[in-house]
Amino acid sequence: MTTTVTSADGTPIAFDTYGAGSPVLLVGGAVNDRTTVAALAVVLAEAGFQGVAVDRRGRGESGDAPVYSVERELDDLSAVIDAVGGSAAVFGHSSGAILALEAAARGLPITKLAVYEPPFIVDSQRPRPGEDLAERISALVADGDRDGAVELFLTEGVSVPPEGVAAMKGQPVWDWFAGYAHTLPYDITVTGPGGRLPADRLAAVTVPTLVLSGGAGEAWMAASARAVAETVPHARYESIPGQDHGVLNAPESLRTVLTDFLR
């Protein structure tokens, strides 16, 4: 069932609910919407929880505003949490993981927090993106070059090799990426300039936190996950064997680790 709530700035935010147990908000990362977290929501519903698949602003059936800010996205999550009962656990993936961490640090009524591969850069395994990356991607989108915006995000923002980007361009998923190109600056803004770990803010997270990464994923993302777990009080780290950053395509791999933690 799709529900729409109104965020503090008047933006409508859509979400789907699955199951009828304790609510767990599912917050996707770049080029994700409520449909890409729906399969995980079903897994959680089968385990006795209520999976809440959220369309972040600018995606799916949610609205948007002329000016973006992380605070507005936190208000969006607050509105959804209020709508599903006033408190909830949260699972965040990629930049959605960082948004979830920011929500917990801000003091939203989050009971437990699970995050998968928040993409901070904590070592020298990959170069940092330029601090003006969001502005450059926004300029490409404004010029109508959505393909160029996605390519810049992937190569500089995510450190995908050029040959990897070239392979993606030949796949149907590329049109999906281009369709959400206008939201890529939002994800970069959430991650922060240069992808630096915000240790002071993470230290303000007080809820029980599970930090995950994929055992078959990028080493720099696993390093980020371990650093987040070391920085957030009461957090622990776990690796999911055989998975990479595309874990949302394999939701069963998260069933046991998430349900054990959430219970």
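Before reading on, note that the structure itself is shown above.
Parameters and conventions
- Residues numbered from 1 in each chain as written.
- Predicted model: local features only at pLDDT ≥ 70, side-chain atom pairs only at ≥ 80, totals over all residues.
- Heavy atoms only, no water.
- Salt bridge = Lys/Arg side-chain N within 4 Å of Asp/Glu carboxyl O.
- Helix = DSSP H or I, 4+ residues; strand = E, 2+ residues; numbered from the N terminus.
- Buried < 20%, exposed > 50% of the residue type's maximum accessible area, 1.4 Å probe, protein only.
- 1 Å grid on protein atoms, 1.4 Å probe; cavity = no way out; pocket = protein on both sides within 12 Å on 5 of 7 lines; lining within 4 Å.
- Points joined across faces, edges and corners; volume = space filled by probe spheres on them.
- Nonpolar A, V, L, I, M, F, W, Y, C, P; charged D, E, K, R; others polar.
- Contact = heavy atoms within 4.5 Å.
- Axes fitted to C-alpha atoms, helices over the stretch in contact; angles between N-to-C directions.
- Parallel < 35°, antiparallel > 145°, perpendicular 65-115°, else oblique.
- Left-handed = near helix turned anticlockwise from the far one by under 90°.
- Core = buried A, V, L, I, M, F, W, Y, C linked by side-chain atoms within 4.5 Å.
- Pairing = 2+ DSSP bridges.
- Polar contact = N/O pair within 3.5 Å; in protein donor to acceptor, adjacent residues only side chain to side chain.

Time to look at the pattern of salt bridges. In total, this model carries 19 salt bridges according to the counting rule given. Across the salt bridge formed by Arg255 and Glu46, the nearest N and O atoms sit 2.7 Å from each other. Note that Arg255 is positioned in helix H11 (residues 255-262) and Glu46 in helix H1 (residues 38-46), a separation of 209 residues in sequence. Among the salt bridges present, the one from Arg255 reaches Glu252, with a minimum N-O distance of 2.7 Å. By relative accessible area, which is 23% here, Arg255 ends up partly exposed. Through salt bridges with shared partners, one network takes in Asp9, Arg57, Arg72 and Asp76.

This part covers the layout of surface pockets. Taken as a whole, the largest pocket holds about 1,100 Å³ of empty space. Residue lining of the largest pocket: 47 residues in total, with Ser94, Phe153, Leu154, Val158 and His245 positioned closest to the centre. Among the secondary structure elements, those contributing two or more residues to the lining of the largest pocket are helix H4 (133-142), helix H5 (146-157), helix H7 (173-179), helix H8 (184-191) and helix H10 (219-231). By residue class, the composition of the lining of the largest pocket is 22 nonpolar, 18 polar and seven charged.

Mapped onto the elements of the fold, Gly215 is located in the loop between strand S7 (209-214) and H10. Along the chain, Gly215 and Ile13 lie 202 residues apart, while their C-alpha atoms are 34 Å from each other. With sequence-adjacent residues up to four places away left out, Gly215 is seen in contact with Ser239, Ile240 and Gln243.

We now examine the packing of H1 against H11. Axis separation between H1 and H11 bottoms out at 10 Å; the angle between their running directions is 55 degrees. In this view, H1 runs oblique relative to H11, as classed from their interaxial angle. The element H1 and its partner H11 pack so that their crossing is right-handed. Where H1 approaches H11, its residues Leu40, Val43, Leu44 and Glu46 are matched on the opposing element by Arg255, Leu258, Thr259 and Leu262. Partitioned by chemical class, the residues of the contact of H1 with H11 number five nonpolar, one polar and two charged.

Counting 39 residues, the largest nonpolar core has Leu25, Val80, Leu101, Ile110 and Leu113 as its most contacted members. Element by element, the count of residues in this core is highest for helix H3 (residues 95-106), at seven residues. Leaving out residues up to four positions away in the same chain, Ile110 has contacts with Ile81, Ala88, Val90, Ala100, Ala103, Ala104 and Val207. One finds Leu26, Leu210, Leu212 and Leu254 within the second-largest nonpolar core, a separate group that totals 24 residues.

Further remarks concern the sheet that holds strand S5 (residues 88-93). Overall, mixed pairing links the eight strands, which are arranged S1-S2-S4-S3-S5-S6-S7-S8 in an open sheet. Both outer strands of the open sheet, strand S1 (2-6) and strand S8 (235-240), are each paired with one neighbouring strand and no more. Pairs of neighbouring strands in the sheet enclose a mean axial angle of 25 degrees, with direction left out of account. Across four bridges, the pairing between strand S2 (residues 12-18) and strand S4 (residues 49-54) is antiparallel. Bridge pairing in S4 places Asp16 opposite Ala53. Here H11 sits on the sheet in contact with strand S3 (22-27), S4, S5, strand S6 (110-116), S7 and S8, set at roughly 175 degrees to S7.

The subject of this paragraph is the side chain of Asp55. Along the polypeptide, Asp55 turns up in the loop between S4 and helix H2 (70-83). Within polar-contact distance, the side chain of Asp55 engages the backbone nitrogen of Glu61 at 2.8 Å. Setting aside residues no more than four positions away along its own chain, Asp55 makes contact with Ile13, Ala14, Asp33, Arg34, Gly60, Glu61 and Ser62.

Further remarks concern the environment of Ser95. Topologically, Ser95 is positioned in helix H3. In this structure the C-alpha to C-alpha distance between Ser95 and Ile188, which are 93 residues apart in sequence, comes to 7.9 Å. Every residue in contact with Ser95, bar those within four places of it in the chain, is listed here: Gly29, Ala30, Arg56, Pro119, Asp187, Val190 and Thr191. A polar contact of 3.3 Å, which involves the side chain of Ser95, links it to the side chain of Arg56. In terms of polar contacts, Ser95 uses its side chain to reach the side chain of Asp187, at 2.5 Å.

What is shown is where atoms sit, not what they do.
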